[in-house]
Amino acid sequence: MNAVLKALVRALRDLFSLRVLWVVVWPMLVAALLWLALGITFWSTFSGWIAQGLDAIGIQARLADLEPVWIAHGIQLIIHLVLFVPVVLLTALVITALFAMPELIRMVAGRDYPELERKKGGGLVGSLWNAVIALMLFAALWVVTLPLWLIGIGVLVPFVAAAWLNQRLFRYDAVAEHASAAEMAALFRNERSNWWGLGVLTGLVQFVPLLNLFGPVFAALAFIHFGLARLDAQRALQRAA
């Protein structure tokens, strides 16, 4: 856990440098514009899906009976916005993992681990495949745990899902450039609890308003710092053996 806390402190240190702030902005901006365009283009379709969902849980009928009508419209707009924010954050998370990580890795590795050999155990194809699997399992986790909402413990699902997605999405990209395939497998196996701990702590940031705007890049930096530090330590042990 000490290594996890060190990674978080270093990520916080790096987060507000000018070089990193641009990486904070553009994935979020691209994600927001993407979903804004999709929302405008498919507004009637998305509204229909939301209405069906509200009808399934008995809320749509109550909204239809509200007077004046603008109150019901206002509530529906708020529901749209509540759904819009998570999908933007999720999309920004994926964009950061796929496209912003290389720049962040160059910055962290060049300053803190300049002597760390790059063995390129992963690549773009592996990163894309990892992101696809992560998103599919993330969606499956939500579907499988839906019954938990009926017994009152469903409120834990978003936190568990965010923790799992963070550790699955970022750990691969954090070390793919520097570790060999064998080293990556060893890191994922030996540091499983720490990857999860880092996922939980960075995942919590995504639920804090305003701070969640920095969430994707903060998570990326934390996983890079942790992954490269553990890789360096793992190689040091091998040299000493």
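Along each chain, numbering runs from 1 in the same order as the chain's sequence is written. Confidence filtering applies because this is a predicted model: local features only for residues at pLDDT of at least 70, side-chain atom pairs given and counted only at 80 or more, and all residues used for totals across whole chains, interfaces and linings. Water and hydrogen atoms were dropped before computing side-chain values, which therefore reflect all heavy atoms in the structure.

**Focus on the nonpolar core**
Within soluble globular proteins, side chains that are nonpolar tend to cluster in buried spots. What is meant by a nonpolar core is a set of buried Ala, Val, Leu, Ile, Met, Phe, Trp, Tyr and Cys residues, joined one to another through side-chain atoms within 4.5 Å. Type-normalised accessible area, obtained with a 1.4 Å probe on protein chains alone, sets the label of each residue: buried when under 20%, exposed when over 50%, and partly exposed for intermediate values. In terms of nonpolar packing, the biggest core is built from 51 residues, with Val20, Leu104, Phe170, Val217, Leu221 and Ile224 touching the most fellow members. For helices the rule is a DSSP run of H or I covering at least 4 residues; for strands it is a run of E covering at least 2, with both sets numbered from the N terminus onward. Breaking this core down by element, the ones donating at least two residues are helix H1 (2-15), helix H2 (18-41), helix H5 (69-112), helix H6 (124-144), helix H7 (157-175), helix H8 (181-190), helix H9 (192-205) and helix H10 (215-240). Any two residues whose heavy atoms approach within 4.5 Å at even a single point are treated as in contact. In this structure, Val20 is in contact with Asp14, Leu15, Leu104, Met107, Val217 and Leu221, ignoring residues within four places of it in sequence. In terms of nonpolar packing, the next biggest core, distinct from the first, is built from 6 residues, Ala31, Val88, Ala92 and Ile95 among them.

**Side note on the pattern of salt bridges**
Salt bridges are counted wherever a side-chain nitrogen of Lys or Arg sits within 4 Å of a carboxyl oxygen of Asp or Glu. Applying the stated criterion to the full structure yields 11 salt bridges. Taking the shortest distance from any N to any O, the salt bridge between Asp14 and Arg111 comes out at 2.9 Å. Placement of Asp14 in helix H1 and of Arg111 in helix H5 is noted, with a sequence separation of 97 residues between them. Taking the relative accessible area as the measure of exposure, Asp14 reaches 3% and is therefore buried. Residue Arg111 is classed as partly exposed on the basis of its relative accessible area of 41%.

**Comments concerning the side chain of Ser127**
Examined against the element boundaries, Ser127 turns out to sit in helix H6. Under the relative-accessibility criterion, Ser127 is labelled buried at 4%. Not counting the four nearest positions on each side in its chain, Ser127 is found in contact with Ala97, Leu98, Tyr172 and Asp173.

**A look at H9**
Over its 14 residues, H9 extends 21 Å from the first C-alpha to the last, a length consistent with the 20 Å expected when each residue adds 1.5 Å. What H9 keeps buried is the set Asn194, Trp195, Gly197, Leu198, Gly199, Thr202, Gly203 and Val205. Of the surrounding elements, those touching the buried residues of H9 are H1, H7, H8 and H10. The length a helix should cover is 1.5 Å for every residue beyond the first.

**As for the layout of surface pockets**
In this structure, the second largest pocket occupies an estimated 260 Å³ of space. Points on a 1 Å grid over protein atoms alone make up a cavity when a 1.4 Å probe fits among them but cannot get out, and a pocket when they form an open set with protein on both sides within 12 Å along at least five of seven lines; lining residues each have an atom within 4 Å of a point. If you trace the second largest pocket, you find 15 residues lining it, with Pro102, Ile105, Asp173, Ala176 and Glu177 closest to the centre. Secondary-structure elements contributing two or more residues to the lining of the second largest pocket are H5, H6 and H7. By residue number, the principal contributor to the lining of the second largest pocket is H5, which donates 6 residues. Split by residue class, the lining of the second largest pocket holds 8 nonpolar, 3 polar and 4 charged. Grid points are joined across faces, edges and corners, and a volume is the space filled by probe spheres set on the points. Any residue outside Ala, Val, Leu, Ile, Met, Phe, Trp, Tyr, Cys, Pro, Asp, Glu, Lys and Arg is labelled polar, Gly included; the first ten of those are nonpolar and the last four are charged.

**Brief notes about the confidence of the model for the chain**
Here the chain averages 82 in pLDDT, while 80% of its residues score no lower than 70. Per-element averaging of pLDDT across the chain places helix H4 (residues 59-64) at the bottom with 57 and H8 at the top with 94. One confidence number per residue, pLDDT, is output by the predictor and ranges from 0 to 100.

**Here we look at the packing of aromatic side chains**
Pairing of aromatic rings covers Phe, Tyr and Trp, the last counted by its six-membered ring, and requires centre-to-centre distances within 6.5 Å; plane angles under 30 degrees mean stacked, over 60 mean edge-to-face, and any other angle means tilted. One pass over the structure, following the stated rule, counts 6 aromatic pairs. Ring geometry for Phe16 versus Phe214: centroids 5.5 Å apart, planes at 55 degrees, classification tilted. Of the two residues, Phe16 is situated in the loop between H1 and H2 and Phe214 in the loop between H9 and H10; the sequence distance between them amounts to 198 residues. A residue is classified by how much of its surface remains accessible, and Phe214, at 25% relative accessible area, is partly exposed. Ring centres of Phe159 and Phe207 lie 4.6 Å apart, and the angle between their planes is 45 degrees; this geometry places the pair in the tilted category. Taken together, the positions of Phe159 in helix H7 and Phe207 in the loop between H9 and H10 put the pair 48 residues apart, joining distant regions of the chain. We classify Phe159 as partly exposed; its relative accessible area is 39%. For Phe207, a relative accessible area of 37% translates into the label partly exposed. These aromatic residues form a ring-pair network of at least three members: Phe170, Phe188, Trp195, Phe223 and Phe226. The residue whose ring lies beneath Arg171 is Phe188, and the NZ or CZ to ring-centre distance is 4.5 Å. To sit over a ring, a charge needs its Lys NZ or Arg CZ within 6 Å of the ring centre and within 35 degrees of the ring normal.

**Quick notes on unusual backbone geometry**
As a rule of thumb, non-glycine residues mostly have phi less than zero, and peptide bonds are mostly trans rather than cis. Not every positive phi belongs to a glycine, and Lys120 is a case in point at roughly 50 degrees. With respect to the helices and strands, the residue Lys120 is situated in the loop between H5 and H6. Overall, the relative accessible area of 51% leaves Lys120 in the exposed class. If you check the backbone angles, Leu210 has positive phi at about 75 degrees while not being a glycine.

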